[in-house]
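Coordinate inspection notes
Read off the chains here:
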Amino acid sequence: QEQVAESGGGSVHPGGSLTLSCTASGIPGNVYAMGWFRQRPGEERESLKRDLVASITSGGITYYGDSVKDRVTISRDKNTMHLQMNNLTPADTGVYFCKVVARSDYWGQGTQVTVSS
């Protein structure tokens, strides 16, 4: 059975750091890419309005959104992905979802990140 499990969310003060992790299991075929999407506060989970934060392909090609460049690092080891986030600001607050791109797309349940003083 396909599973996408996220971990590492939490609450931090501005300037703090968090590392999010995502592990995909039971995915048929190859995993072409993995990425983190953020859903901002107030958006309904079912709306699927999510911003791409960062992604990484099976070949190691990375992408970073403009709002997080120079503050986050994405890495991947087989079907486990990590997102190291530094110097967090309140604008980074939201639910972070892991997306796995294979023959089909798979989403995790999301992990909450809250940045406040």
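Each remark here, short or long, concerns the structure printed above.
Now for a description of the structure that goes with this document. (Residues numbered from 1 in each chain as written. Predicted model: local features only at pLDDT ≥ 70, side-chain atom pairs only at ≥ 80, totals over all residues. Heavy atoms only, no water.)

On to the environment of Thr23. For Thr23, the location among the structural elements is in strand β3 (residues 18–25). We classify Thr23 as partly exposed; its relative accessible area is 36%. Between the C-alpha atoms of Thr23 and Val4, which are 19 residues apart in sequence, the distance is 5.8 Å. Engagement of the side chain of Thr23 in a polar contact is seen with the side chain of Thr80, the distance being 3.3 Å. (Helix = DSSP H or I, 4+ residues; strand = E, 2+ residues; numbered from the N terminus. Buried < 20%, exposed > 50% of the residue type's maximum accessible area, 1.4 Å probe, protein only. Polar contact = N/O pair within 3.5 Å; in protein donor to acceptor, adjacent residues only side chain to side chain.)

Turning next to the sheet that holds β3. One open sheet holds the four strands; their spatial order is β1-β3-β8-β7, and the pairing between them is antiparallel. Among the strands making up the open sheet, the edge pair consists of β1 (3–7) and β7 (72–77). The average angle at which neighbouring strand axes cross in this sheet is 15°, direction not considered. Summarising the sheet, β7 and strand β8 (residues 80–85) pair through six bridges and their orientation is antiparallel. Its bridge partner lying in β8, Ile74 is registered against Leu83. (Pairing = 2+ DSSP bridges. Axes fitted to C-alpha atoms, helices over the stretch in contact; angles between N-to-C directions.)

Both faces of the sheet carry side chains from a regular strand, because those side chains alternate between them. Burial along strand β11 (residues 111–115) is one-sided: the face carrying Thr111, Val113 and Val115 is buried and the face carrying Gln112 and Thr114 is not. As paired strands, strand β2 (residues 10–12) and β11 are joined by three bridges and run parallel to one another. From the neighbouring strand, Val12 faces β11, where its bridge partner is Val115. Pairing between strand β9 (residues 94–101) and β11: three bridges, direction antiparallel. The partner of Val95 across the bridge, within β11, is Gln112.

A full pass over the atoms with the stated rule returns two aromatic pairs. Ring geometry for Phe37 versus Trp107: centroids 5.1 Å apart, planes at 65°, classification edge-to-face. Linking Phe37 in strand β4 (residues 33–39) with Trp107 in strand β10 (residues 105–107), this pair joins segments that are 70 residues apart in sequence. Ring geometry for Phe97 versus Trp107: centroids 6.5 Å apart, planes at 80°, classification edge-to-face. One end of the pair, Phe97, is in strand β9; the other, Trp107, is in strand β10, and 10 residues separate them in sequence. The buried category is assigned to Phe97, whose relative accessible area is 1%. On the accessibility criterion, Trp107 (33% relative accessible area) is partly exposed. A connected cluster of aromatic rings, assembled from ring pairs, spans Phe37, Phe97 and Trp107. (Phe/Tyr/Trp six-rings, centres within 6.5 Å; stacked < 30°, edge-to-face > 60°.)

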